[in-house]
Amino acid sequence: MKVLVNGEIINRSEAKVDIEDRGYQFGDGVYEVVNIYEGIPFTLKEHIARLYRSANEIGIQLSEQPEQLCNRLMELIEANNMTNGGLYLQISRGVSNRSHHYDQTLTPQLVAYPLPFKNVSDAQAKGVEAITAEDLRWLRCDIKSLNLLYNIMVKQKASEAGAFESILIRDGIVTEGSSSNIFIIKDGILLTHPANNLILNGITRTKLLEIMDANGWDYKIQPFQKEDLMKADEVFLTSTTSEVMPIIKVDGVTFSQAKPGPFTRKFQTAFREVVKAETKTTTEKA
Ligand code: PMP
């Protein structure tokens, strides 16, 4: 496998992390995961824009322009002959003697490499289960930080309960999933949490809302309660790797006769069509 380390594409075996990298010591950095369809990264520009935003929010300045980084990532995809899978990319603040405060002159460390293809089509067709958990994260969930401790704690809880995701509840309000955004449908209207500091504004979430706009489908960006979730007609999550994933059971309560509902299906299909259209060039080449 070829990996991108600070602008250079090298073999995986040659890539090294300094033990005093602040990403390693403090989780002091930001990251992205991009999906690759038939060799084409989906919504790459949007992911890179969010990466720069996250970096900027924590005071990491990148010397490379977003376009340059996109070009290097395209080279990385090519160097690995990638067809389907993901691209993981992270930036840490840099390497220095361990202390909480940092020197502004540190050089950010960037690594990127392919992630294996995860087949979610069966789960997308059947729907998945979720559990709820208290949202005990910090109040800057809009930053895609390397610090994922609480997210992994609740994801593990879900996994041990045989569920796919933990849906997080803060002060009675459904915020998002441990690694996804949450949507409910009640009486034909889609509801999702506003993109503020309490959630990560998913690229998939944004794309789906654009699709809703383009089709003239109604939705409301508004917080909703756990009771609304439990009484919803349909529930689904979105994320880069799961796209539009129906949730058919939450804390043992089933939705839409334990199968993906008609609205979720419609959004799933519309989303897939956009993915297909935007990754068409290579599909035609192949
Ligand atoms: N919220 C959280 C906490 C996440 O980790 C993710 C996945 N990165 C998402 C939402 C969904 O974001 P996206 O659609 O950009 O993958």
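The model shown is predicted, which means the values in this text are computed figures rather than measured ones.

Peer 1: Any chance you could break down the packing of aromatic side chains for me, citing the residues and the numbers?
Peer 2: Considering all chains together, one arrives at eight aromatic pairs under this definition. A ring pair is formed by Tyr88 and Tyr113, whose centres lie 5.5 Å apart and whose planes are at 50 degrees; its orientation type is tilted. Of this pair, Tyr88 sits in strand S5 (residues 85-92) while Tyr113 sits in strand S6 (residues 109-115); the two residues are 25 residues apart in sequence, bridging distant segments of the chain. The class of Tyr113 is partly exposed, set by a relative accessible area of 30%. Centre to centre, the rings of Phe236 and Phe267 are 5.9 Å apart; their planes meet at 55 degrees, and the pair counts as tilted. You can see Phe236 sitting in strand S13 (residues 234-239) and its partner Phe267 sitting in helix H8 (residues 262-278), a full 31 residues away along the chain. Its relative accessible area of 3% is what places Phe267 among the buried residues. Cation over ring: Arg93 sits above Tyr102, and NZ or CZ is 3.7 Å from the ring centre.

Peer 1: Mind laying out a nonpolar patch on the surface, listing which residues take part and the relevant values?
Peer 2: Residues Val17, Ile19 and Tyr24 make up a contiguous nonpolar surface patch of roughly 390 Å² in combined accessible area. You can see Tyr24 is positioned in helix H1 (residues 22-26).

Peer 1: Talk me through the pairing of S5; I want residue IDs and the actual numbers.
Peer 2: Burial analysis of S5 places seven of its eight residues in the buried class, which makes it a mostly covered element. Strand direction decides the pairing type here: strand S3 (residues 29-37) and S5, joined by eight bridges, are antiparallel. Bridging across to S5, Tyr31 finds its partner in Gln90. In this structure, S5 lies alongside S6, joined through seven bridges in antiparallel fashion. Bridge assignment links Ile91 to a residue of S6, and that residue is Leu110.

Peer 1: Give me the domain arrangement of the protein: which residues, what numbers.
Peer 2: What the domain assignment reports for the protein is domain 1 (2-115) and domain 2 (121-276). Put simply, the middle of domain 1 and the middle of domain 2, counted by C-alpha atoms, are 26 Å apart. Each partner contributes residues to the interface: domain 1 has 24 residues there, and domain 2 has 20 residues. In this assembly, domain 1 packs against domain 2 so that about 1,700 Å² is buried in total across both faces, 60% of it on carbon and sulfur atoms. Taken as a group, Tyr31, Phe42 and Arg50 account for 35% of the area that domain 1 buries against domain 2, more than any other trio of residues on that side. On inspection of domain 1 and its partner domain 2, the count reaches two salt bridges. In this structure, Glu57 and Arg140 form a salt bridge, with 2.8 Å as the shortest nitrogen-oxygen distance. Scanning the region where domain 1 abuts domain 2 turns up nine residue pairs in polar contact (both at pLDDT 80 or more). Breaking the side of domain 1 that touches domain 2 down by element, the ones donating at least two residues are H1, S3, helix H2 (44-57) and S5. With eight residues, the single largest contributor to the side of domain 1 that touches domain 2 is S3.

Peer 1: Can you explain the site of the ligand? Please cite residues and give values.
Peer 2: What surrounds the ligand is a group of 18 residues, the closest being Lys144, Glu176, Ile203, Thr204 and Thr240. Glu176 is positioned with one of its side-chain polar atoms (N or O) 2.6 Å from a nitrogen atom of the ligand. A distance of 2.8 Å is found between an oxygen atom of the ligand and a backbone nitrogen or oxygen belonging to Ile203. Protein burial of the ligand: of its 390 Å² of free accessible surface, 93% is covered by the chains. Those elements giving two or more residues to the shell around the ligand turn out to be strand S9 (173-177), helix H6 (203-215) and S13. Residues belonging to the shell around the ligand are distributed by class as follows: three nonpolar, 11 polar and four charged.

Parameters at a glance
- Residues numbered from 1 in each chain as written.
- Predicted model: local features only at pLDDT ≥ 70, side-chain atom pairs only at ≥ 80, totals over all residues.
- Heavy atoms only, no water.
- Phe/Tyr/Trp six-rings, centres within 6.5 Å; stacked < 30°, edge-to-face > 60°.
- Helix = DSSP H or I, 4+ residues; strand = E, 2+ residues; numbered from the N terminus.
- Buried < 20%, exposed > 50% of the residue type's maximum accessible area, 1.4 Å probe, protein only.
- Lys NZ or Arg CZ within 6 Å of the ring centre and 35° of its normal.
- Patch = residues over 30% accessible without salt bridge, like charges linked within 9 Å, V, L, I, M, F, W, Y side chains within 5 Å.
- Areas by Shrake-Rupley, 256 points an atom, 1.4 Å probe, with all protein chains shown as cover.
- Salt bridge = Lys/Arg side-chain N within 4 Å of Asp/Glu carboxyl O.
- Pairing = 2+ DSSP bridges.
- Domains from an automatic or database assignment.
- Contact = heavy atoms within 4.5 Å.
- Buried area = accessible area lost by both parts, 1.4 Å probe.
- Polar contact = N/O pair within 3.5 Å; in protein donor to acceptor, adjacent residues only side chain to side chain.
- Near = heavy atom within 4 Å.
- Nonpolar A, V, L, I, M, F, W, Y, C, P; charged D, E, K, R; others polar.

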